[in-house]
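Geometric and topological summary
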Amino acid sequence: MTTSPVGGGGKAAPAPRETFSSRKLFILSAIGSAVGLGNIWRFPYVAYENGGGAFLIPYLVALLCAGIPLLFLDYSIGHRFRGSAPLSYRRLHRAAEPIGWWQVLICFVIAIYYAAIIAWAAMYTWFSVTKAWGDDAEGFFFGDYLQSADQAGLSFEFVSNVFFPMLAVWVVAIVIMVAGVNKGISRANAVFLPLLVIMFVILVVQSLFLDGAMVGLNAFFTPEWSALQNPSVWAAAFGHIFFSLSVAFGIMVTYSSYLKRKTDLTGSGMVVAFANSGFEILAGIGVFAALGFMSVTAGKPVDEVASGGIGLAFVAFPTIVSEAPFGAVLGVLFFGSLVFAGLTSLISILEVIVAAFQDKLGWSRKSATLIVTIPIAVISLVLFPTTTGIHLLDTSDAFVNQFGILACALVAVIVISAGLSSLPRLQQHLNRTSTIKMGTGWRIVVGGIVPVALGYMLINEIQSKSSEQYSGYPAWFNGVFGWGMAGALIVGAVLLSLIPWSEKSKLKDPEYEAFNAAAELEGDVDNNIKELKS
Amino acid sequence: MTPVAITMMIIAMLTVWGGLALSMWNLARHPEDEDELPGPEEMPHEL
């Protein structure tokens, strides 16, 4: 399907909603969104720190009892109400619209810093060839490359080696977004995701042939059974699954709104969820095989070389690249994988924002994309390629994850389950066209177990972030860019909800009215059948 | 690698990659239906 016509005059009929041309492309795009930087640099370390091989048990429990049910919840909302996050929540209930905007603003914050990490990875793909870091990867990253200031603050001293790759990332992302769902998002995922998998498989195979690979794998998979008695290990599993699957911040709602009316939602969701986890297991093997090599080469135990996040990618891995045979190949594969994994996720994050404004203001695809993404790119390019960019990234990432995504997810599940009692209706919609049927268990999990798990994690986070300054940054810095930013997202969401829906908006869409009428009628038919049976 | 680490590695691979294979098999068994859901006018009125 093409994007809506541009410049066709005011009296043109409303453009039909874009749809993924096939289920396969939706699944590829959803996997591309779920498989992000976290799969590569977060999962291996989280698993290792929380019981190694024993972590598999809380991980699978969290996947089946929280991740997949929440994924289905997002699918059911997006597919049933056929809109971006704000429009879908608005159609669910007028008062629920701010939840959708909250998710849009969360995506805005993530997008502005995510582009910076992709840009670093792109530069490191090249640095892997030149081994630009010499024998001090840490000093090179923070000093020579990022030119990081000693004190967290807000500087406008730009670092050209970060600015120009970031500009390139934004140009690529905007070009993909302008092209629309089928010509842009689907095609990008159809190219980048297979490329990512092929590159990563080669990386894993190469890592397995390094000296010490088995030492690393042994450390990664050796179970520490006592960890299972520790509630924080279970919280880590639920937290990881929750962030890894890209649930509850609008992405899956938006993507599923582009699915054809008759689609196997749960069957497709199972493939997405297990593909995401499958990639994580692959990443764990690749990363720990490489860390095993680092441990043997440095003569240190694995626990002294193991790390996650930025430390793993930009300090540990460059060290491995310098010392491993064919290290340049390993580096290009690793950082190239980060670039592709990051790009497919960035696209999905941007789509949440573009779709929201497109729906609310009735703009064409091209206008909405340019009006929305160019200012986001400018804000990103002003704040992050600077000497204080890394501090800002660190704080905004930590706070938007915990007090944005987590808090919003908690509010959403409580509103949907207890506030609006919408779970039976959404369950009915899931079951209408899906091969794997959801029963009462799904409603109990989404309305009971998930809020308890999210609430526990949120309280823990509020306590830990209140008790000491995050990362030792000044109080004003965390106050403004952490707590302040998280609070501003809620205020902004309410304000955006108060803006009236444009006459041209998708709120009164004849295509949806017809779909809704059919769905309501089918619901009545289903209920009648149930009554007749009982 | 110790036997217990190997066992956990195999279990992890079997459950997660097995889950992926199973879910792909399930999807393949139910090919995409190009037909749209029936509109209201096509619904069985006798119910």
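Preceding block: the structure.
In this report, we go over the structure that sits alongside the text. (Residues numbered from 1 in each chain as written. Chains lettered and ligands numbered in written order. Predicted model: local features only at pLDDT ≥ 70, side-chain atom pairs only at ≥ 80, totals over all residues. Heavy atoms only, no water.)

So, the overall build of chain B
Rules: Only DSSP runs of H or I covering at least 4 residues are called helices, and only runs of E covering at least 2 are called strands; the numbering of each starts at the N terminus. Only protein chains enter the accessibility calculation, which uses a 1.4 Å probe; a residue is then buried when its area is under 20% of its type maximum, exposed when over 50%, and partly exposed in between.
Broken down by element type, chain B carries one helix and zero strands. The proportion of buried residues among the 47 residues of chain B is 28%.

Remarks on the nonpolar core
Filter applied, for reference: We call a set of buried Ala, Val, Leu, Ile, Met, Phe, Trp, Tyr and Cys residues a nonpolar core when their side-chain atoms join them within 4.5 Å.
Ranked by internal contacts, the top residues of the largest apolar core, which has 202 residues, are Leu-73, Trp-120, Tyr-145 and Phe-242 of chain A. Considering each element in turn, this core owes the most residues, 23 residues, to helix α6 (residues 97-130) of chain A.

Points about the side chain of Gln-427 of chain A
All names here are of chain A. Heads up, the rule is: We define a polar contact as two N or O atoms separated by no more than 3.5 Å, with the added condition that, inside protein, one atom must be a possible hydrogen donor and the other a possible acceptor, whereas residues neighbouring each other in sequence contribute only through side-chain atom pairs. Throughout, a contact is declared for two residues whenever any of their heavy atoms are within 4.5 Å.
When you line up the elements, Gln-427 lands in helix α19 (residues 423-433). For Gln-427, a relative accessible area of 10% translates into the label buried. A distance of 2.8 Å separates a polar side-chain atom of Gln-427 from the backbone oxygen of Met-438. Residues within four places of Gln-427 in sequence aside, it is in contact with Met-438, Gly-439, Thr-440, Trp-442 and Arg-443.

What about the environment of Ala-341 of chain A?
All names here are of chain A. Within the secondary structure layout, Ala-341 lies in helix α16 (residues 327-361). For Ala-341, a relative accessible area of 0% corresponds to the buried category. Separated by 145 residues in the primary sequence, Ala-341 and Leu-196 have C-alpha atoms spaced 6.7 Å apart. In this view, Ala-341 contacts Gly-32, Val-35, Gly-36, Ile-40 and Leu-196; residues no more than four positions away in its chain are not counted.

A short note on the interface of chain A and chain B
The test is simple: For any pair of parts, buried area is found by adding up, for both, the accessible area (1.4 Å probe) each one loses once the two are put together. In what follows, salt bridge is the name for a side-chain nitrogen of Lys or Arg lying within 4 Å of a carboxyl oxygen of Asp or Glu. Any residue outside Ala, Val, Leu, Ile, Met, Phe, Trp, Tyr, Cys, Pro, Asp, Glu, Lys and Arg is labelled polar, Gly included; the first ten of those are nonpolar and the last four are charged.
The partner chain B presents 31 residues to the 40 residues of chain A that form the contact. Across the chain A/chain B interface, buried area totals approximately 3200 Å², and carbon plus sulfur atoms make up 72% of it. Remark: the boundary between chain A and chain B carries zero salt bridges. If you look at where chain A meets chain B, you find five residue pairs in polar contact (both at pLDDT 80 or more). Considering every element that reaches the side of chain A that touches chain B, the biggest residue donor is helix α13 (residues 265-298) of chain A, with eleven residues. Here the residues of the side of chain A that touches chain B sort into 23 nonpolar, eleven polar and six charged.

Some words on a nonpolar patch on the surface
Formally: What goes into a patch is any residue over 30% in relative accessible area without a salt bridge, connected to like charges within 9 Å or, for nonpolar side chains (Val, Leu, Ile, Met, Phe, Trp, Tyr), within 5 Å. To be clear on the numbers: accessible area is Shrake-Rupley with a 1.4 Å probe, and residue cover counts the displayed protein chains and nothing else.
Taken together, the side chains of Val-197, Val-201, Val-205, Leu-208, Phe-209 and Met-214 of chain A together with Met-1, Ile-6, Ile-10 and Leu-14 of chain B define a hydrophobic patch exposed on the protein surface, amounting to about 860 Å² of accessible area. For the nonpolar patch, the elements supplying multiple residues, two or more each, are α9 (180-208) of chain A together with α1 (3-29) of chain B. It is α9 of chain A that provides the largest number of residues to the nonpolar patch, a total of four residues. Within the secondary structure layout, Met-214 of chain A lies in helix α10 (residues 213-221).

Re the pattern of salt bridges
All names here are of chain A. Here the structure, examined in full by the defined rule, presents six salt bridges over all chains. Salt-bridge contacts for Asp-359 lead to Arg-17; the nearest nitrogen and oxygen are separated by 3.2 Å. Here Asp-359 is found in helix α16, whereas its partner Arg-17 is found in the segment before α1 (23-34), with 342 residues between them in sequence. In this structure Asp-359 comes out as buried when scored by relative accessible area, which is 2%. Residue Lys-465 pairs with Glu-461 through a salt bridge whose shortest N-O separation is 2.8 Å. Note that Lys-465 and Glu-461 are positioned in helix α20 (residues 440-467) at a spacing of four residues, about one turn of the helix.

With respect to the packing of helix α15 (residues 309-323) of chain A against α16 of chain A
Residue and element names in this part refer to chain A. Inclusion rule: A fitted line through C-alpha atoms serves as each axis, taken over the contacting stretch for helices, and the angle formed by two N-to-C directions is quoted from 0 to 180°. Here roughly perpendicular refers to angles of 65 to 115 degrees, roughly parallel to angles under 35, roughly antiparallel to angles over 145, and oblique to all remaining angles.
With their axes 8 Å apart at the nearest point, α15 and α16 run at an angle of 155° to one another. Classified by the interaxial angle, the pair formed by α15 and α16 is roughly antiparallel. Contacts between α15 and α16 involve Ala-313, Phe-314, Phe-317, Pro-318, Ile-320 and Val-321 on the former and, on the latter, Gly-327, Ala-328, Leu-330, Gly-331, Phe-334, Phe-335 and Leu-338.

Points about the packing of aromatic side chains
All names here are of chain A. The criterion, for reference: Aromatic pairs are defined between Phe, Tyr and Trp rings, using the six-membered ring for Trp, whenever the two ring centres lie within 6.5 Å; interplanar angles under 30 degrees are classed as stacked, those over 60 as edge-to-face, and all others as tilted. For a Lys NZ or an Arg CZ to count as sitting over a ring, it must be within 6 Å of the ring centre and within 35 degrees of the ring normal.
Under the counting rule described, the total for this entry stands at 44 aromatic pairs over all chains. Look at Phe-43 and Tyr-59: their rings are 5.2 Å apart centre to centre, the planes differ by 55°, and that puts the pair in the tilted class. Residue Phe-43 is found in helix α3 (residues 43-49), and its partner Tyr-59 is found in helix α4 (residues 56-81); the two are separated by 16 residues along the sequence. According to the relative accessible area criterion, Phe-43 is buried, its value standing at 3%. Each ring, one from Phe-403 and one from Trp-483, has its centre 4.8 Å from the other, and the planes form 25°; the classification is stacked. On the criterion of sequence distance, the pair formed by Phe-403 in helix α18 (residues 389-419) and Trp-483 in helix α21 (residues 475-498) is long-range, its members being 80 residues apart. Using a relative accessible area of 35% as the deciding quantity, one classes Trp-483 as partly exposed. Of note, Arg-82 hangs over the ring of Phe-515, and the distance from its end group to the ring centre comes to 5.0 Å. The ring of Phe-399 has Lys-465 lying over it, and the distance from NZ or CZ to the ring centre is 5.7 Å.

Structural notes on the environment of Phe-274 of chain A
Structurally, Phe-274 of chain A can be placed in helix α13. Between the C-alpha atom of Phe-274 of chain A and that of Ile-68 of chain A, which follows or precedes it by 206 residues, the distance is 9.2 Å. Residues contacting Phe-274 of chain A, with those up to four places away along its chain left out, are Leu-63, Leu-64 and Ile-68 of chain A together with Thr-15, Val-16, Gly-19, Leu-20 and Ser-23 of chain B.

Description of a negative patch on the surface
As a reminder, the rule being used: In this charge count, Lys and Arg are treated as positive and Asp and Glu as negative; neither His nor the chain ends contribute. Lys charges are placed at NZ, Arg charges at CZ, Asp charges at CG and Glu charges at CD.
Side chains of Asp-135, Asp-136, Glu-138 and Asp-144 of chain A sit close together on the surface and give a patch of like negative charge. Considering the arrangement of structural elements, one finds Glu-138 of chain A in helix α7 (residues 137-145).

Notes on α10 of chain A
What counts is decided by this rule: An arc is given here, and it is the one of the directions from the helix axis to the C-beta atoms.
Listed in full, the buried residues belonging to α10 of chain A are Ala-213, Gly-216, Leu-217, Phe-220 and Phe-221 of chain A. On an axial view of α10 of chain A, the arc spanned by its buried residues comes to 115°, and they lie on one face. Along its buried surface, α10 of chain A packs onto α3, α9, α13 and α14 (302-305) of chain A together with α1 of chain B.

What about unusual backbone geometry?
All names here are of chain A. You will see that Arg-82, though not glycine, has its phi angle at about 40°, which is positive. With respect to the helices and strands, Arg-82 occurs in the loop between α4 and α5 (85-92). The backbone of Phe-326 sits at a positive phi, close to 55°, despite the residue not being glycine. With respect to the helices, strands and loops of the structure, Phe-326 is situated in the loop between α15 and α16.

Overview of the environment of Thr-373 of chain A
Residue and element names in this part refer to chain A. Within the secondary structure, Thr-373 is located in helix α17 (residues 365-383). Judged by relative accessible area, which is 0%, Thr-373 ranks as buried. Residues Thr-373 and Asp-136, 237 residues apart in the sequence, show an inter-C-alpha distance of 37 Å. In this view, Thr-373 contacts Ile-174, Leu-350, Val-354 and Ala-368; residues no more than four positions away in its chain are not counted. Among the polar contacts made by the side chain of Thr-373, one reaches the main-chain carbonyl oxygen of Thr-369 at a distance of 2.4 Å.

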